[in-house]
Amino acid sequence: MASSETQSRFGQSVKGLLSDKVTSCSGDVIALTRQVLKGSRSQELLGQAARNMVIQEDAILHSEDSLRKMSIITTHLQYHVEHSKNLQDQLRHLMK
């Protein structure tokens, strides 16, 4: 009977160890899953940041183009102002 009782205790001990091991492995799987999801979220955030950067780059290029056009317009306006001043001077001279 002692042998049967020892085997029963050993069996319960092994079942307890196995249960602990399964619980430990389950915890490891959960931790691994969380890490994979976190990595996936990081990739998603990096992709979004890259898209935002492209949008910002396009906005910067558009702004540069607008500034270049405004510079050309400013130059033309300065030319017209100068030309108007010259015409005013000529008119004053003729009216004397």
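Overview of the structure. (Residues numbered from 1 in each chain as written. Predicted model: local features only at pLDDT ≥ 70, side-chain atom pairs only at ≥ 80, totals over all residues. Heavy atoms only, no water.)

Examining the overall build of the protein chain
Along the protein chain, the regular secondary structure elements total one helix and zero strands. Total accessible area computed for the protein chain in this model is approximately 9,100 Å², and 62% of it derives from carbon and sulfur atoms. (Helix = DSSP H or I, 4+ residues; strand = E, 2+ residues; numbered from the N terminus. Areas by Shrake-Rupley, 256 points an atom, 1.4 Å probe, with all protein chains shown as cover.)

Describing the pattern of salt bridges
The final tally for this structure, using the stated rule, is four salt bridges. Here D65 makes a salt bridge to K69, at a shortest N to O gap of 3.3 Å. Taken together, the residues span about one helical turn, with D65 and K69 both in helix α1 (residues 2-95) at a distance of four residues. Ionic pairing is found between D89 and R92, a salt bridge with its closest N-O pair at 3.2 Å. Of this pair, D89 and R92 both sit in helix α1, three residues apart, which is roughly one turn of the helix. (Salt bridge = Lys/Arg side-chain N within 4 Å of Asp/Glu carboxyl O.)

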